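Secondary and tertiary structure notes
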Amino acid sequence: MEKKNLDWANIGFGYHQTDWRYVSNYKDGAWDEGGLTQDANIVLNECAGVLQYAQTVFEGLKAYTTEDGRIVTFRPDLNAERMEASAKRLEMPVFPKDRFVEAVAQVVKANAAYVPPYGSGATLYIRPYMFGSNPVIGVKPATEYQFRVFATPVGPYFKEGAKPIVIKVSDFDRAAPHGTGHIKAGLNYAMSLHAIVTAHAEGFEENMYLDPATRTKVEETGGANFIFITKDNKLVTPKSDSILPSITRRSIVYVAKEYLGMEVEEREVYFDEVKDFAECGLCGTAAVISPVGKINDHGKEICFPSGMEAMGPITQKLYDTLTGIQMGHIKAPEGWIKVIE
Ligand SMILES: *Cc1c(COP(=O)(O)O)cnc(C)c1O
């Protein structure tokens, strides 16, 4: 198969239309058999549930080429399970897990020419999503839905090595207690846009959100979970019912315990203790881990000893081990790597 002639190193993170996408429709209480289409556009009634009351959930994962030339995805079964939880919380039907994993595989295979070559640092980003499609004007769940998966090639997240970023403690809240912070829903992102645009205008790359009830505990950023390394090399990561359960973070916790023999604490993390940590990172599919060098709390700075030049040494070890597993240099735990054949 001939690869597309794209400048893989410089495509950036944007939508680049590929040839095939998957669609399945839900009507009269059942999903149809679904399949691939070349049509990238969706025609919806003006009153569709998603347009009026934001009934939509999504996922994000990547396909990439390993050193031995195989195209693989990373733990897509966990994306399927998370989308199931998201759908249930928004009163949407569940797209079955095996069909989700199969739809992702079909889209990757059909767009294999867009899967960047090994060593380019680029990947094929995959976006499964679901939305209410029939007209809804009285506030209630839609009765018809569409599940889709498209893919778009994206460039390397770090072009010149992972430079630590500066973030701020936000005055906005991301997720209410007992709200929807733990599901991957577009609505969580809509309300975070003002906060991130504000942070960027002030010169910060991300927001650290605290728990809205007490403003004393660390939650997450708009799209990544926190990890911290203590001065005695323990991994600490916040636990809260309103944090989105990052697959990257859960994988890092496993790698820390099982590959690196580290002690791991998943617990409430008070903002007051953050100044005592040695390293800080943000984890999510896009970057795997972005190192944080500095946190600005209303003008008061917390500067991590790992500094502003490079990832801290333990964060680097976690990053190298997890990306080594993903790329096939290090043996993966059973079931983590799904080969697309
Ligand atoms: C998607 C997402 C993450 C990262 O999850 P991964 O599964 O690691 O990509 C973290 N926080 C939020 C709010 C998210 O939407």
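Just so you know, these numbers come straight off a predicted model, no measurement behind them.

Rules used throughout
- Residues numbered from 1 in each chain as written.
- Predicted model: local features only at pLDDT ≥ 70, side-chain atom pairs only at ≥ 80, totals over all residues.
- Heavy atoms only, no water.
- Helix = DSSP H or I, 4+ residues; strand = E, 2+ residues; numbered from the N terminus.
- Rg over C-alpha atoms; globule rule 2.2 N^0.38 Å.
- Buried < 20%, exposed > 50% of the residue type's maximum accessible area, 1.4 Å probe, protein only.
- Contact = heavy atoms within 4.5 Å.
- Areas by Shrake-Rupley, 256 points an atom, 1.4 Å probe, with all protein chains shown as cover.
- Phe/Tyr/Trp six-rings, centres within 6.5 Å; stacked < 30°, edge-to-face > 60°.
- Domains from an automatic or database assignment.
- Salt bridge = Lys/Arg side-chain N within 4 Å of Asp/Glu carboxyl O.
- Polar contact = N/O pair within 3.5 Å; in protein donor to acceptor, adjacent residues only side chain to side chain.
- Nonpolar A, V, L, I, M, F, W, Y, C, P; charged D, E, K, R; others polar.
- Expected span 1.5 Å × (residues − 1).
- Near = heavy atom within 4 Å.
- Core = buried A, V, L, I, M, F, W, Y, C linked by side-chain atoms within 4.5 Å.
- Axes fitted to C-alpha atoms, helices over the stretch in contact; angles between N-to-C directions.
- Parallel < 35°, antiparallel > 145°, perpendicular 65-115°, else oblique.
- Left-handed = near helix turned anticlockwise from the far one by under 90°.

**Thoughts on the overall build of the protein chain**
- Within the protein chain, the regular secondary structure consists of seven helices and 17 strands.
- Its C-alpha atoms give the protein chain a radius of gyration of 20 Å, within 12% of the compact-globule value 20 Å for 341 residues.
- Projecting the C-alpha coordinates of the protein chain onto the three principal axes gives extents of approximately 55 × 50 × 35 Å.
- Taken across its 341 residues, the protein chain has 52% of its residues classed as buried.
- Considering only contacts within the protein chain whose residues lie at least 6 apart along the sequence, 71% involve residues at least 24 apart.
- For the protein chain, the accessible area works out to roughly 15700 Å², and carbon and sulfur atoms hold 50% of it.

**Here we look at the packing of aromatic side chains**
- The full count for this structure, using the stated rule, is 17 aromatic pairs.
- For the pair Phe13 and Tyr125, a centre-to-centre distance of 5.4 Å together with 65° between the ring planes defines the contact as edge-to-face. One end of the pair, Phe13, is in the segment before β1 (21-27); the other, Tyr125, is in strand β7 (residues 123-132), with 112 residues separating them in the sequence.
- Residue Phe13 is classed as exposed on the basis of its relative accessible area, which comes to 56%.
- Aromatic side chains Tyr26 and Tyr145 sit 6.0 Å apart centroid to centroid with 65° between the ring planes, which places their arrangement in the edge-to-face category.

**Brief notes about the domain arrangement of the protein chain**
- When the domains of the protein chain are assigned, the result is domain 1 (8-154) and domain 2 (165-327).
- For domain 1 versus domain 2, the distance between C-alpha centres works out to 26 Å.
- Contact with domain 1, which involves 23 residues of that partner, is made by 21 residues of domain 2.
- For the pair domain 1 and domain 2, the interface holds zero salt bridges.
- Viewed at the interface, domain 2 and domain 1 are joined by nine residue pairs in polar contact (both at pLDDT 80 or more).
- Broken down by element, the residue count for the side of domain 1 that touches domain 2 peaks at six residues, all from helix α2 (residues 76-89).
- Each residue belonging to the side of domain 1 that touches domain 2 can be placed in one class, and the counts come to 11 nonpolar, six polar and six charged.

**Side note on the environment of Ser192**
- As for its position among the elements, Ser192 is in the loop between α4 (186-190) and α5 (193-201).
- Look at Ser192 and you get buried, because its relative accessible area is 6%.
- Each C-alpha atom of the pair Ser192 and Arg174 lies 6.4 Å from the other, and the pair is 18 residues apart in sequence.
- For Ser192, the side chain forms a polar contact with the main-chain oxygen of Tyr189, separated by 2.9 Å.

**Some words on helix α6 (residues 247-258)**
- Here α6 is 12 residues long and its end C-alpha atoms lie 16 Å apart, about the 16 Å a rise of 1.5 Å per residue gives.
- Turning to α6, its buried residues number three or more, namely Ile247, Thr248, Arg249, Ser251, Ile252, Val253, Val255 and Ala256.
- The N-terminus of α6 is capped by Ser246, whose side-chain oxygen sits 3.2 Å from the backbone nitrogen of Thr248.

**Focus on the site of the ligand**
- Close to the ligand lie 15 residues; Lys184, Tyr189, Ser246, Thr248 and Thr285 are nearest.
- With respect to the ligand, the side chain of Tyr189 contributes an N or O atom lying 2.5 Å from an oxygen atom.
- Along the lines of polarity and charge, the residues of the shell around the ligand split into four nonpolar, seven polar and four charged.

**Focus on the nonpolar core**
- In terms of nonpolar packing, the biggest core is built from 38 residues, with Phe100, Val108, Met130, Phe147 and Val149 touching the most fellow members.
- When residues of this core are traced back to their parent elements, those giving at least two are β1, β5 (61-65), α2, α3 (97-110), β7 and β8 (145-154).
- Each residue touching Phe100, except ones within four places of it in the same chain, is listed here: Glu59, Pro76, Asn79, Ala80, Met83, Phe95, Pro128 and Phe147.
- Ranked by size, the runner-up nonpolar core spans 23 residues in total, among them Leu235, Ile252, Ile289 and Tyr319.

**Observations concerning the packing of α2 against α3**
- Contact geometry of α2 with α3 gives a least axis separation of 9 Å together with a crossing angle of 130°. The angle between α2 and α3 falls in the class oblique. The way α2 lies across α3 gives a crossing that is right-handed. Listed contacts from α3 to Pro76, Asp77, Asn79, Ala80, Glu81 and Met83 of α2 are Lys97, Phe100 and Val101.

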